[in-house]
Amino acid sequence: MKKLRVAVIGLGSIVPMHITPILHFDDAELVAVCDVKEDRAKKAGQKYNVPYYLDYKELIIKEKPDIVHICTPHYLHPIISKFALENGVNPLSEKPMSISLEDAEENVKIAEQKGLKYGVILQCRYNDASQLVKKHIMDGSLGKVLAARVVLTWYRPDSYYAESDWKGTWDKEGGGVIIDQAIHSLDLANWFIDDEPVSVQSCLFNRNHKVMEVEDTGEGFVKYKNGATLAFWAMNNYACNEPIEIRLLCENGRAVLSYEEARIEFNNGQVLSVRQSIDPSIVYENAQDYWGFQHIKQIRQFYDSVKNNTEPEISGKEALKIQKIVSEIYKNNAGQKFSKKSV
């Protein structure tokens with residue numbers, strides 16, 4: 001069977017979650033890597049014995065991969081995705097798909113016009129906890145979600161932003177705790193509710209960071225067409241990365257979950273729970289626990305969609321759902337300038 005020719009653009013900290021699955025799959029072959037930092041690109045090229053590039057356009061044109069993984073700073077996600085699509089390559093982009101809703105929508109249209117697959121990484125949907133809750137919503141046993149609550153309290157010191165040439169900026173990251181950290185838990189809650197948002201209220205603040213332009217705290221309230229609501233509070237000023245918490249009040253019970261575990265209590269007294277299982281045979285070099293280890297499941301599903309010409313489970317069109325909510329959160333605070341703290 002012909003192997004999928006795969007390339008990776010952007011070789012920062014998240015890249016092990018992409019390259020490890022590529023090397024693990026029998027039907028995929030890593031053919032090239034790319035980064036604007038030559039030392040990083042050269043090191044990866046030597047490590048994986050593939051050509052390295054400094055220009056993603058040159059890679060796509062010369063190597064003609066079937067799939068390109070996009071692991072660059074946020075602002076480049078839609079730019080590289082568009083170039084890939086226009087040159088007949090299926091892009092699989094890290095989240096967020098864009099910092100602009102208009103760019104995201106344009107790429108979804110291009111993918112449809114070209115008949116290509118366009119995927120966006122939202123790997124937390126594949127957590128055992130998320131899958132358990134979604135299953136019992138879909139089969140009707142939990143019933144409709146009436147209300148959801150998301151709480152995220154993580155830690156990102158000033159050094160996290162100071163050591164980066166793009167994080168903590170509006171033009172390159174597109175925001176702070178909402179678009180970078182909370183987007184996953186907001187996506188899960190929105191996925192569970194599975195209805196059309198009709199209003200988004202939000203407030204953003206920089207409470208404690210001295211070196212960045214964007215928010216480190218955000219709270220808000222989303223109303224849906226079917227009457228469901230989503231309340232959220234997220235901040236990265238805590239002393240450590242606590243497990244996120246999503247609570248769901250449903251017609252037939254309640255669910256509480258983090259990325260690692262879930263517990264469902266039905267109104268009839270039945271209780272279900274699950275803890276995350278991890279495949280010990282797959283080792284991700286320098287991986288962070290809060291990323292989870294489910295990239296491989298989404299990447300596998302995306303590859304199958306390319307091979308079988310089926311729709312990816314988390315396509316660009318599907319990812320637009322959370323992109324619209326995130327964009328509205330920032331739109332509500334447009335023009336707001338967060339002062340860098342002098343304390």
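To start, this report covers the structure provided alongside it. (Residues numbered from 1 in each chain as written. Predicted model: local features only at pLDDT ≥ 70, side-chain atom pairs only at ≥ 80, totals over all residues. Heavy atoms only, no water.)

1. Points about unusual backbone geometry
And step 1. The amide bond that connects Lys95 to the next residue, Pro96, takes the cis arrangement and shows omega of -15°.
And step 2. If you trace the backbone, Pro96 turns up in the loop between strand 5 (90–93) and helix 5 (101–114).
And step 3. Phi angles above zero are rare outside glycine, and Asn49 is one such case at about 55°.
And step 4. One can find Asn49 in the loop between helix 2 (38–48) and strand 3 (52–53). (Helix = DSSP H or I, 4+ residues; strand = E, 2+ residues; numbered from the N terminus.)

2. Brief notes about the nonpolar core
And step 1. If you look at the biggest cluster of nonpolar residues, it comprises 59 residues, and the most contacted ones within it are Val133, Ile178, Phe192, Leu230 and Leu248.
And step 2. By residue number, the principal contributor to this core is helix 8 (residues 177–193), which donates 11 residues.
And step 3. Other than its neighbours up to four places away in sequence, Phe192 contacts Ser130, Val133, Lys134, Ile137, Val145, Leu248 and Leu257.
And step 4. Core analysis: the second largest hydrophobic core is formed by 27 residues, Val6, Val15, Ile19 and Val33 among them. (Core = buried A, V, L, I, M, F, W, Y, C linked by side-chain atoms within 4.5 Å. Buried < 20%, exposed > 50% of the residue type's maximum accessible area, 1.4 Å probe, protein only. Contact = heavy atoms within 4.5 Å.)

3. A word on the side chain of Thr72
And step 1. Structurally, Thr72 is set in the loop between strand 4 (67–70) and helix 4 (77–86).
And step 2. Not counting residues up to four positions away in its chain, the partners in contact with Thr72 are Ile9, Gly10, His77 and Ile80.

4. Points about the packing of aromatic side chains
And step 1. Evaluated as defined, the whole model comprises 5 aromatic pairs.
And step 2. With 5.8 Å between their ring centres and 85° between their planes, Tyr56 and Phe83 make a pair best called edge-to-face. With Tyr56 in helix 3 (residues 56–63) and Phe83 in helix 4, the pair connects residues that are 27 residues apart, well separated along the chain. The two residues Tyr56 and Phe83 agree in class, both being buried.
And step 3. Judged by centre distance (5.8 Å) and plane angle (85°), the rings of Trp170 and Tyr330 are edge-to-face. Placement of Trp170 in the loop between helix 7 (158–162) and helix 8 and of Tyr330 in helix 10 (residues 316–331) is noted, with a sequence separation of 160 residues between them.
And step 4. By relative accessible area, Trp170 is classed as partly exposed at 29%.
And step 5. When its relative accessible area of 11% is taken as the criterion, Tyr330 is described as buried. (Phe/Tyr/Trp six-rings, centres within 6.5 Å; stacked < 30°, edge-to-face > 60°.)

5. Concerning the packing of helix 3 against helix 4
And step 1. With their axes 10 Å apart at the nearest point, helix 3 and helix 4 run at an angle of 20° to one another. By the angle between their axes, helix 3 is roughly parallel relative to helix 4. Note that helix 3 runs across helix 4; the crossing there is right-handed. Together, Tyr56, Lys57, Ile60 and Ile61 of helix 3 and Ile79, Ile80, Phe83 and Ala84 of helix 4 make up the contact between the two elements. (Axes fitted to C-alpha atoms, helices over the stretch in contact; angles between N-to-C directions. Parallel < 35°, antiparallel > 145°, perpendicular 65-115°, else oblique. Left-handed = near helix turned anticlockwise from the far one by under 90°.)

6. A few points about empty space enclosed by the protein
And step 1. Per the stated rule, a full pass over the model turns up 2 cavities of 30 Å³ or more.
And step 2. Size it by volume and the second largest cavity reaches roughly 40 Å³.
And step 3. Around the second largest cavity, the lining residues are Lys95, Pro96, Met97, Val120, Leu122, Ile183, Ala319, Ile322 and Gln323.
And step 4. Ranked by residue count, the leading element in the lining of the second largest cavity is helix 10, at 3 residues.
And step 5. Of the residues that constitute the lining of the second largest cavity, the class distribution is 7 nonpolar, 1 polar and 1 charged. (1 Å grid on protein atoms, 1.4 Å probe; cavity = no way out; pocket = protein on both sides within 12 Å on 5 of 7 lines; lining within 4 Å. Points joined across faces, edges and corners; volume = space filled by probe spheres on them. Nonpolar A, V, L, I, M, F, W, Y, C, P; charged D, E, K, R; others polar.)

7. Some remarks on the environment of Ile325
And step 1. In this fold, Ile325 is placed in helix 10.
And step 2. Given the relative accessible area of 4%, Ile325 is considered buried.
And step 3. On a C-alpha basis, the gap between Ile325 and Pro197 in space is 7.9 Å, while along the polypeptide they are 128 residues apart.
And step 4. Ignoring any residue separated from it by four or fewer positions in sequence, one finds Ile325 in contact with Asn190, Pro197, Val200, Val222 and Tyr224.

8. Things to note about the layout of surface pockets
And step 1. For the second largest pocket, the calculated volume is near 340 Å³.
And step 2. Those elements giving two or more residues to the lining of the second largest pocket turn out to be helix 8, strand 8 (197–205) and helix 10.
And step 3. Looking at the lining of the second largest pocket element by element, the count peaks at 7 residues for helix 10.

9. Some words on helix 8
And step 1. At Ile183, helix 8 shows its maximal kink, close to 65°.
And step 2. Across the 17 residues that make up helix 8, a large majority, 17, are buried. (Bend = angle between axes of the 7 residues up to and from the residue.)

10. A word on the pairing of strand 1 (residues 4–9)
And step 1. Summarising burial for strand 1: 5 of the 6 residues are buried, a large majority.
And step 2. Where strand 1 and strand 2 (residues 28–34) come together, 6 bridges link them in parallel fashion. For Val6, the partnering residue across the bridge sits in strand 2 and is Leu30.
And step 3. Read as a crossover between parallel neighbours, the route from strand 1 over helix 1 (residues 16–24) to strand 2 is right-handed.
And step 4. As judged from the 4 bridges shared by strand 1 and strand 4, these two strands associate in the parallel manner. Of the residues in strand 4, the one forming a bridge with Val8 is His69. (Pairing = 2+ DSSP bridges. Right-handed = clockwise from strand over helix to strand, strands pointing away.)

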